[in-house]
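Take a look at the letters that make up each chain.
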Amino acid sequence: MIHFPIVADSETLEKMKDCNQCGKCCIKYGDGALSATAVEIDLWKLFEPHIYQYVKDNEIWFCPETGVQLSRCPFLEIESSQGKEKYTCSIYLSRPEDCRHYPSNIAEMVRDECEMIDVKDLEDFKKAQSKLDDLMEGSRPRRQ
Ligand code: SF4
Ligand code: SF4
């Protein structure tokens, strides 16, 4: 999901476009399509009760008051900057694995209309996947 790059860029490396924080992925998957690992849930329970309160029966995200599944992730926020809206994650460093691992492959990005995809990435999925894996190195294992 919304991915803030943490790896220093090499000027010579051909790179995938960075996430522009369009928010499409969080909006699409934040309504019950996400899961968290048991370890993550245990850690939230111990150290981050403001996140844990949205867990119910080891699933995310549920309203703490009503117990009803939320239609939108409670940690998705909108910032306005220079007349443009950008989405941010208010629990970025503690976000669930599902979010840390997104985007995982090119077909998924095309399907979700992820704005990191460039026209030239559509010409060679294998090369594009390798560029994506480079970009995501700090968040998840390589896919190939
Ligand atoms: S936890 Fe963060 S990254 Fe995951 S859906 Fe919510 S706002 Fe997006
Ligand atoms: S859909 Fe792609 S560009 Fe948009 S916020 Fe998600 S990862 Fe970033």
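For clarity, every value in this text was computed on a predicted model and none was experimentally measured.

Moving on to the overall build of the protein. When helices and strands are tallied, the protein shows six helices and four strands. What you see for the protein is a C-alpha radius of gyration of 16 Å, in line with the 15 Å of a compact globule of 144 residues. In terms of overall dimensions, the protein has C-alpha extents of about 50 × 35 × 25 Å along its principal axes. Looking at the protein residue by residue over its 144 residues, the buried ones come to 23%. Sequence separation of at least 24 residues holds for 59% of the intrachain contacts in the protein that already meet a minimum separation of 6.

This part takes up the pairing of strand β4 (residues 84-89). The pairing of strand β3 (residues 76-81) with β4 spans six bridges and is antiparallel. Each residue of the ladder has a partner; that of I78, found in β4, is Y87. Following β3, the chain reverses through two residues before pairing antiparallel with β4; Q82 in that reversal takes a positive phi of roughly 50°.

Residues in close proximity to ligand 2 total 15 residues, the closest being C19, C22, C25, C114 and E115. Looking at the shell around ligand 2, its residues break down into eight nonpolar, four polar and three charged. Counting the residues that make up the shell around ligand 2, at least three belong to each of domain 1 (19-92) and domain 2 (101-144).

This paragraph deals with the domain arrangement of the protein. Split by domain assignment, the protein resolves into domain 1 (19-92) and domain 2 (101-144). Computed over C-alpha atoms only, the centres of domain 1 and domain 2 are separated by 23 Å. Every contact between the two is made by six residues of domain 1 and, on the other side, six residues of domain 2. Residues of the side of domain 1 that touches domain 2, tallied by class, amount to three nonpolar, one polar and two charged.

This part covers the site of ligand 1. Taken together, eleven residues form the shell around ligand 1, and within it M1, C26, C73, C89 and C99 come nearest. A per-class count over the shell around ligand 1 returns nine nonpolar, one polar and one charged.

Attention shifts here to helix α6 (residues 125-135). Residues of α6 that are buried include every one of A128, Q129, L132 and L135, and no others. When α6 is viewed along its axis, its buried side chains cluster within an angular range of 120° and face the same direction. In the core, the buried residues of α6 are packed alongside α5 (106-112).

About the criteria used
- Residues numbered from 1 in each chain as written.
- Chains lettered and ligands numbered in written order.
- Predicted model: local features only at pLDDT ≥ 70, side-chain atom pairs only at ≥ 80, totals over all residues.
- Helix = DSSP H or I, 4+ residues; strand = E, 2+ residues; numbered from the N terminus.
- Rg over C-alpha atoms; globule rule 2.2 N^0.38 Å.
- Buried ≥ 20, exposed ≤ 12 C-beta atoms within 10 Å, placed from the backbone.
- Contact = placed C-beta atoms within 7 Å.
- Pairing = 2+ DSSP bridges.
- Near = placed C-beta within 6 Å.
- Nonpolar A, V, L, I, M, F, W, Y, C, P; charged D, E, K, R; others polar.
- Domains from an automatic or database assignment.
- Arc of directions from axis to C-beta.

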